Amino acid sequence: MKIKFTVNGKKVVVDCEPSKTLLKVLREDLFLTGTKEGCGKGECGACTVIMDAMAVNSCIIPIGQVAGKSLNTIEGLSKSGELHPLQKAFIEEGAVQCGFCIPGMILSAKALLDINKNPSTNDIKVALSGNLCRCTGYTKIIEAVKKSAIMMRAQR
């Protein structure tokens, strides 16, 4: 089945079984390997992408449900070689250790910051509640999201 959708601003068409997961299509067919597979059950958040402005777990979404949608992956955040403020803040705040969960964390945070320019600590915790990190703990990640919110407000 041919399925048309947009990824990081580019229109794509994939020909595959409609039950294949979005995660598998991103990694295996579109070679966008920044999206990680952790649990494969929608519980860890490593596979988080933004679909039509919402953070979603790509490991549990059949590609057939993506037709006509707009997706953003971690590969689509930087522009012209310039890191997104979230990426910069995660580096500057030391919020990255092994890095496995970070693409999902950053995209969950971006979905939050796209609708809430000045989130509280609790807002950030709620937005990231579907993302598990086994290395850093969450303090530096929360600080990175706060810092990026400030950076993003300054850019506007």
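Right above here is the structure, for reference.
Before going into details, it helps to say that this report is about the structure given with it. Note that this is a predicted model, so its numbers are computed, not measured.

Read from one edge to the other, the open sheet built from 5 strands follows the order β2-β1-β5-β3-β4, with strand pairing classed as mixed. In the strand order of this sheet, the two ends are held by β2 (10–15) and β4 (54–57), each with one partner. Each adjacent strand pair in this sheet contributes to an overall mean axis angle of 40°, direction not counted. With 2 bridges joining them, strand β3 (residues 48–51) and strand β5 (residues 70–72) adopt antiparallel strand pairing. Note on β5: the bridge partner recorded for Ile 50 is Asn 72. Along the sheet face, helix α3 (residues 102–115) touches β3, β4 and β5 and points at about 30° away from the line of β3.

As a rule of thumb, nonpolar side chains are buried together in soluble globular proteins. Counting 25 residues, the largest nonpolar core has Phe 90, Met 105, Ile 106, Leu 128, Ile 141 and Val 145 as the members making the most contacts within it. Only α2 (85–92), α3 and α5 (139–155) provide two or more residues apiece to this core. Looking at which element gives the most residues to this core, the answer is α3, with 8 residues. If we skip the residues at most four places from it in the chain, Ile 106 touches Ile 74, Leu 77, Leu 86, Gln 87 and Phe 90. Listed in part, the 17 residues of the second largest apolar core include Val 7, Val 14, Val 25 and Leu 32.

Thresholds, definitions, all that
- Numbering of residues begins from 1 in every chain and follows the order in which that chain's sequence is written.
- In keeping with the model being predicted, local features are shown solely for residues with a pLDDT of at least 70 and side-chain atom pairs are shown and tallied solely at 80 or more, while totals for entire chains, interfaces and linings include all residues.
- Excluding hydrogens and water, the side-chain values take into account all heavy atoms of the structure.
- In this analysis, strands are considered paired if DSSP registers two or more bridges between them.
- Strands here mean DSSP runs of E at least two residues long; helices mean DSSP runs of H or I at least four residues long; both are numbered from the N terminus.
- Lines fitted to C-alpha atoms define the axes here, with helix axes fitted over just the stretch in contact, and angles between the N-to-C directions of these axes take values from 0 to 180 degrees.
- The contact criterion used is simple: two residues touch if any of their non-hydrogen atoms lie within 4.5 Å.
- Side-chain atoms within 4.5 Å are what join buried Ala, Val, Leu, Ile, Met, Phe, Trp, Tyr and Cys residues into a set we call a nonpolar core.
- Buried residues are those whose accessible area, probed at 1.4 Å on protein chains only, stays under 20% of the maximum for their type, while exposed residues exceed 50% and partly exposed ones sit between those limits.

Worth remembering: the numbers are spatial, not functional.
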